[in-house]
Amino acid sequence: MELSIQSVTKTYKRGQTRALDDFSAVLTPGVYGFLGPNGAGKSTLMNIITGNLRPDSGSILWDGTDTRKMGANFRDLIGYMPQQQGLYDDFTAKRFLWYMAALKKIPRRQAAQRITELLSMVGLTDDASKKLGAYSGGMKQRILIAQALLNDPSLLILDEPTAGLDPKERIRIRNFISKIAQDKIVLFATHVVSDVEYIAKEIILIKRGKLLLKEEPAQILRRMETLVCEVHLPKEDVSDFVKTHKVSNIFGDKDGMTVRFLNDPSCPVSDAIFAKPMLEDVYLSYFSDETQTDGFSFS
Ligand SMILES: Nc1ncnc2c1ncn2[C@@H]1O[C@H](COP(=O)(O)OP(=O)(O)OP(=O)(O)O)[C@@H](O)[C@H]1O
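Residues numbered from 1 in each chain as written. Predicted model: local features only at pLDDT ≥ 70, side-chain atom pairs only at ≥ 80, totals over all residues. Heavy atoms only, no water.

An unreviewed UniProt entry annotates the protein as ABC transporter ATP-binding protein originating from Merdimmobilis hominis. Note on the protein: under the UniProt heading Sequence similarities (unreviewed entry), the record states "Belongs to the ABC transporter superfamily." (UniProt positions renumbered as here; feature names shortened; annotations may be inferred.)

## Some thoughts on the site of the ligand
In the region of the ligand, 15 residues are neighbours, and Asn38, Gly39, Lys42, Ser43 and Thr44 sit closest. Separating an oxygen atom of the ligand from a side-chain N or O atom of Asn38 is a distance of 2.9 Å. In this structure, Thr44 approaches the ligand through a side-chain N or O atom, which is 2.5 Å from an oxygen atom. Look at the ligand: alone it shows 640 Å² of surface, and the protein chains cover 69% of it. Only strand S2 (17-27) and helix H1 (42-50) provide two or more residues apiece to the shell around the ligand. At three residues, H1 tops the list of elements feeding residues into the shell around the ligand. Looking at the shell around the ligand, its residues break down into four nonpolar, eight polar and three charged. (Near = heavy atom within 4 Å. Polar contact = N/O pair within 3.5 Å; in protein donor to acceptor, adjacent residues only side chain to side chain. Areas by Shrake-Rupley, 256 points an atom, 1.4 Å probe, with all protein chains shown as cover. Helix = DSSP H or I, 4+ residues; strand = E, 2+ residues; numbered from the N terminus. Nonpolar A, V, L, I, M, F, W, Y, C, P; charged D, E, K, R; others polar.)

## Comments concerning the pairing of strand S10 (residues 210-215)
As a general feature of sheets, a regular strand has side chains that alternate between the two faces. Pairing of strand S9 (residues 202-207) with S10, which is carried by five bridges, proceeds in the antiparallel orientation. In the sheet register, Leu205 faces S10, and the bridge partner there is Leu213. Linkage of S9 to S10, two consecutive antiparallel strands, is achieved through a turn of two residues, within which Arg208 is found at a positive phi near 45 degrees. (Pairing = 2+ DSSP bridges.)

## Quick word on the pattern of salt bridges
Oppositely charged side chains can pair when the atoms bearing their charge come close. This structure, assessed with the given rule, holds 14 salt bridges. Put simply, Glu169 and Arg142 hold a salt bridge, and the shortest N to O gap is 2.9 Å. Taken together, the positions of Glu169 in helix H7 (residues 167-180) and Arg142 in helix H6 (residues 137-148) put the pair 27 residues apart, joining distant regions of the chain. Of the two residues, Glu169 and Arg142, both sit in the buried class. Here Arg170 ties to Asp195 by a salt bridge, and the two come within 3.1 Å at their closest N and O atoms. Here the residue Arg170 occupies a position in helix H7, and Asp195 occupies one in helix H8 (residues 193-196), the gap between them amounting to 25 residues. Across this residue pair, the class does not change: Arg170 and Asp195 are buried. Three or more residues are tied together by salt bridges with common partners; here these are Arg114, Glu117, Asp152 and Lys184. (Salt bridge = Lys/Arg side-chain N within 4 Å of Asp/Glu carboxyl O. Buried < 20%, exposed > 50% of the residue type's maximum accessible area, 1.4 Å probe, protein only.)

## A few points about the packing of helix H4 (residues 93-103) against H6
Two elements in contact, H4 and H6, have axes whose closest approach is 10 Å; the angle formed by their N-to-C orientations is 30 degrees. By the angle class used here, H4 and H6 are roughly parallel. The way H4 lies across H6 gives a crossing that is right-handed. Across the interface between the two elements, Ala93, Phe96, Leu97 and Met100 of H4 pack against Ile143, Leu144, Ala146 and Gln147 of H6. (Axes fitted to C-alpha atoms, helices over the stretch in contact; angles between N-to-C directions. Parallel < 35°, antiparallel > 145°, perpendicular 65-115°, else oblique. Left-handed = near helix turned anticlockwise from the far one by under 90°. Contact = heavy atoms within 4.5 Å.)

## Looking at the environment of Asp152
Note that Asp152 resides in the loop between H6 and strand S7 (155-159). Apart from residues lying up to four places away in sequence, Asp152 is in contact with Arg114 and Lys184.

## A short note on H4
Considered for burial, the residues of H4 that qualify are Ala93, Phe96, Leu97, Met100 and Ala101. Across the axial projection of H4, the buried residues extend over an arc of 135 degrees, all falling on one side. Residues of H4 that are buried sit in contact with helix H5 (108-121) and H6. Looking at the residues trailing H4, positive phi occurs at Lys105, about 60 degrees. (Arc of directions from axis to C-beta.)

## Some points on the sheet that holds strand S5 (residues 65-66)
Whether parallel or antiparallel, the strands of a sheet pair through hydrogen bonds between backbone atoms. The strand order S2-S1-S4-S5 describes an open sheet built from four strands, whose pairing is antiparallel. Each edge of the sheet is formed by a strand with only one pairing partner; in this case those strands are S2 and S5. Both strand S4 (residues 57-62) and S5 contribute to a ladder of two bridges, which runs antiparallel. Pairing of Leu61 across the sheet is with Asp66, part of S5. Together, strand S1 (3-12), S2 and S4 form the strand contacts of H1, whose direction differs from that of S1 by roughly 120 degrees.

Here it is in structure tokens:
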């Protein structure tokens, strides 16, 4: 099972934005954490893979065949959870899944069994007859994941499945996705690193439409072993330090503040010690020009 994204480029005519720039990657079963800041091109790529959007150039291959040539045969392999959620508030969860199963042309008997199974898998059996308008954010996300799984897809595309959820729901959804990913290619787009840190086989970083990195989390962290440092500073020095360094965390205690920052070997900080890097630090190192690290006051 292999999805090959080959030199995909897309420019939106309106605004002349190059949303994807010669993007290539090969995906095999497992979870891919697809990370990048707002506007990086994640949704555009997902829409191109699903066939909702045409690239200017490049192609998507499934096991070596161009997905445009496969047509409905490829669409039958996909489960897609889009970011914009047009949920039918007056539908019950069960009716919504039946409706989606009909759109996907799943035979009735198969759909009945699958809907019962999926409601149980996402923990919504007891709420199946409730209207979606009365669902919490987490319940809505879970029913949307359930609809993406109706056809038992080989390729599951999730665009920000944990957006707007509290930490407990995030963990629940993350664990669920990890459990079902064994025999699927799962593309999990997010800008929250902790969503995918522990479940991703590989991390894909995208910035302004270009692929920056595609690598196993453990390998990335090994490569970044001397990336992160911590230093203990008096509280009044922190504001200036933040202006001149890429700071990922600040922790206060009664003697001052411990500041976690990205190490710049050309500008050593006295008394700093190496800290164990985390993917969030890696994210900051690639996207610090797009993340807000200044503007805080610590004095
Ligand atoms: N329909 C459109 N018309 C014009 N420009 C667009 C359109 N859709 C997206 N863009 C632009 O293309 C770029 C990539 O957008 P895209 O939605 O793919 O990014 P994203 O990584 O999914 O961001 P987010 O995390 O905010 O959803 C952005 O600059 C965006 O403004």
